[in-house]
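Observations on the three-dimensional arrangement
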Amino acid sequence: MQYIDENEMGQKSRVPRLSMGERCFGKDLSNFRQSKSQSQTQRIKFDELDQIDNKNNNNPQLVSVYAKDIYKYCRNKDKALDHTYIDKQIEINYKMRSILIDWLVDVHHRFNLVSDTLYLTIYIIDAYLQQIQISRNKFQLLGVSALFIASKYCEIYPPKLNYYSDVTDKTYTKEEILEMEGKILMQLQFEICFTNQHQFYERYQQLIQLDQKSYQLGKYILELMLLDHKFIQYNPSLQASSVLYLVQKIYKKSQNCWPTYLEIHSQYNENQIRPVAKEICQQLCQAKVMSLQAIQRKYSSPKFQEVSNIQIQYK
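Let me sum up the structure you'll find in this document. (Residues numbered from 1 in each chain as written. Predicted model: local features only at pLDDT ≥ 70, side-chain atom pairs only at ≥ 80, totals over all residues. Heavy atoms only, no water.)

**Notes on helix α6 (residues 139–154)**
To keep it simple, the criterion reads: Helix and strand assignments follow DSSP, with helices taken as H or I runs no shorter than four residues and strands as E runs no shorter than two, numbered in order from the N terminus. Under the convention used throughout, the expected extent of a helix is 1.5 Å for every residue step, that is, one less than its residue count. Only protein chains enter the accessibility calculation, which uses a 1.4 Å probe; a residue is then buried when its area is under 20% of its type maximum, exposed when over 50%, and partly exposed in between. Contacts were defined at the residue level, with two residues in contact if any of their heavy atoms lie within 4.5 Å.
Here α6 contains 16 residues, and its C-alpha end-to-end distance of 23 Å stays within 8% of the 22 Å for a straight helix at 1.5 Å per residue. Counting buried residues in α6 gives 12 out of 16 residues, a clear majority hidden from the surface. Taken together, the buried residues of α6 touch α4 (94–110), α5 (115–129), α7 (161–167) and α8 (174–187).

**Let's talk about α8**
Threshold: Think of it as the arc spanned by the lines of direction from the helix axis to the C-beta atoms.
When the terminal C-alpha atoms of α8 are compared, their 20 Å separation across 14 residues agrees well with the 20 Å that a helix rising 1.5 Å per residue should span. Here α8 has its buried residues at I177, M180, E181, I184 and L185. Buried residues along α8 cover an arc of 135 degrees about the axis, so they all sit on one side. Exposed residues pointing more than 90 degrees away from the buried face of α8 are listed as E175 and M186. Where α8 is buried, its residues meet α5, α6 and α7. At the C-terminal side of α8, Q189 shows a positive phi close to 55 degrees.

**Looking at the nonpolar core**
Where a protein is soluble and globular, its nonpolar side chains tend to be buried together. In plain terms, the rule: Side-chain atoms within 4.5 Å link the members of a nonpolar core, which is a set of buried Ala, Val, Leu, Ile, Met, Phe, Trp, Tyr and Cys residues. What marks off one domain from the next here is an automatic or database domain assignment.
Counting 91 residues, the largest nonpolar core has L217, Y220 and I221 as the members making the most contacts within it. Here this core gets 10 residues from one element, more than from any other, and that element is α5. Each of domain 1 (79–188) and domain 2 (197–309) accounts for three or more of the residues forming this core. When sequence neighbours within four positions are dropped, the list of residues in contact with I221 reads V243, L246, V247, I280 and L284.

**Considerations on the environment of L207**
Tracing the backbone through its elements, the reader meets L207 in helix α9 (residues 197–208). With 54 residues separating them along the chain, L207 and Y261 place their C-alpha atoms 9.1 Å apart.

**Some details on the environment of Y153**
Here Y153 shows up in helix α6. The spatial distance from the C-alpha of Y153 to the C-alpha of D116 is 9.6 Å, given a sequence separation of 37 residues. Apart from residues lying up to four places away in sequence, Y153 is in contact with L120, I192 and C193.

**Digging into the pattern of salt bridges**
As a reminder, the rule being used: Each reported salt bridge corresponds to a side-chain nitrogen of Lys or Arg within 4 Å of a carboxyl oxygen of Asp or Glu.
Scanning the model with the defined rule gives 11 salt bridges in all. Note that E223 is salt-bridged to K298, the shortest N-O span being 3.0 Å. With E223 in helix α10 (residues 212–226) and K298 in helix α14 (residues 294–298), the pair connects residues that are 75 residues apart, well separated along the chain. Exposure remark for K298: the relative accessible area of 7% places this residue in the buried category.

**Here's the deal with a nonpolar patch on the surface**
Going by this rule: Note that patches include only residues with greater than 30% relative accessible area and no salt bridge, and the join distances are 9 Å for like charges and 5 Å for nonpolar side chains (Val, Leu, Ile, Met, Phe, Trp, Tyr). Here, Shrake-Rupley sampling with a 1.4 Å probe gives the accessible areas, and only protein chains in the shown set may cover a residue.
On the surface, V63, V65, Y66 and I70 cluster together into a nonpolar patch covering about 390 Å² of accessible area. Note that I70 resides in helix α3 (residues 67–77). Among the residues examined, I70 registers a relative accessible area of 40% and is labelled partly exposed.

**Considering the state of the cysteines**
Put simply, the test is: Here, a disulfide means two cysteine sulfur atoms that sit within 2.5 Å of each other.
Taken as a whole and assessed by the stated rule, the structure comprises zero disulfides. No disulfide involves C285; its sulfur sits 4.3 Å from that of C281, the nearest cysteine. For C285, a relative accessible area of 30% puts it in the partly exposed group.

**So, the side chain of R274**
Our working definition: Identification of polar contacts relies on pairs of N or O atoms within 3.5 Å, with a donor-acceptor requirement for protein atoms, meaning one able to donate a hydrogen and the other able to accept it, and with residues adjacent in sequence counted only if both atoms are side-chain atoms.
Structurally, the position occupied by R274 is in helix α13 (residues 270–285). Of the polar contacts made by the side chain of R274, one reaches the side chain of N271; its length is 3.2 Å.

**Comments concerning the packing of α9 against α10**
Here is the rule we go by: Axis lines are fitted through C-alpha atoms, for helices just across the contact stretch, and the angle between N-to-C directions can take any value from 0 to 180 degrees. Put simply, angles under 35 degrees are roughly parallel, angles over 145 are roughly antiparallel, angles from 65 to 115 are roughly perpendicular, and the rest are oblique. The hand of a helix crossing depends on one turn: near helix anticlockwise from the far one by less than a right angle means left-handed, and clockwise means right-handed.
Here α9 crosses α10 at 160 degrees, and the two axes come no closer than 11 Å. By the angle between their directions, the pair α9 and α10 is classed as roughly antiparallel. Considering only the axes of α9 and α10, their crossing is right-handed. Together, Q197, H198, Y201, E202 and Q205 of α9 and S214, Y215, G218, K219, L222 and L226 of α10 make up the contact between the two elements.

**Some points on the packing of aromatic side chains**
Here the distance between the centres and the angle between the planes together describe a pair of aromatic rings. Convention followed: When the centres of two rings from Phe, Tyr and Trp lie within 6.5 Å, Trp using its six-membered ring, the rings pair. Their planes under 30 degrees apart give stacked, over 60 give edge-to-face, and anything left gives tilted.
Following the criterion strictly, the structure yields 11 aromatic pairs and no others. Centre to centre, the rings of Y71 and F200 are 6.0 Å apart; their planes meet at 90 degrees, and the pair counts as edge-to-face. Taken together, the residues span a long stretch of sequence, with Y71 in helix α3 and F200 in helix α9 at a distance of 129 residues. Classification of Y71 as buried rests on a relative accessible area of 4%. The exposure class of F200 is buried, given its relative accessible area of 2%. Residues Y123 and F194 carry aromatic rings whose centres are separated by 3.9 Å and whose planes lie at 10 degrees to one another, so their mutual orientation is stacked. Of this pair, Y123 sits in helix α5 while F194 sits in the loop between α8 and α9, placing them 71 residues apart in sequence. By relative accessible area, which is 11% here, Y123 ends up buried.

Next up, the structure:
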């Protein structure tokens, strides 16, 4: 399969640029300064979005009645992190961060935890390291303690404490994990509620109605991005938007990979998404030759549609 940036081959027509207030979800499209036909077209697309939400009324987990309000709240909590923080650390570096995350993906998969647990774990690690110096021999303890916190927050039945000690081959005791848990929570002032890229991806893919294989490919790409520190400089919503855009490009689902109603809802236009999508695609093309292969192995199974086995050529 190929990723081809069609916009470099010729400039396409664009929808009019909207102010932030006009792009706010739920704004009446009749206020836009456009031709009548354009306004009607956008109104139809906007109604399609409402229709998709209405189809989910029978699924209580999707709480479709409150979906728009939840999304607005998530956007208010949406923020990027400092991607250069490890430059200030003395004993750890970016490679060690990638190794730790690769190991955590394996542990997360072995424990059969939900996706949000993994993303919250990585957020806790990054947020803590931006504030505190940590020694090399306590780095894995930070990782497993962050997973312990995240699983208690996200899981219905979180693994028992002794499992976390066992998974480190008893390098760290239960008492050490509990002590580190306390340090993390005190340093973050118990502020661990944040919106992650997986939550935004779930929302966007429901609206664009991806098939199962495309959906799993997007999840695979999102997890690959966790390994590279540079992506934390982008808001989670922008990461999710860029991944969805890339998946659409790879599978060439349609000529318009970022429809108008999704632009209005996400508040990102194609010009904002495309540069990030290019960075993501470059990493995706290198995934098979990376030394860290936990995510590659995970998504090569039939459960995940074997999406890590697809061949991507970047042009």
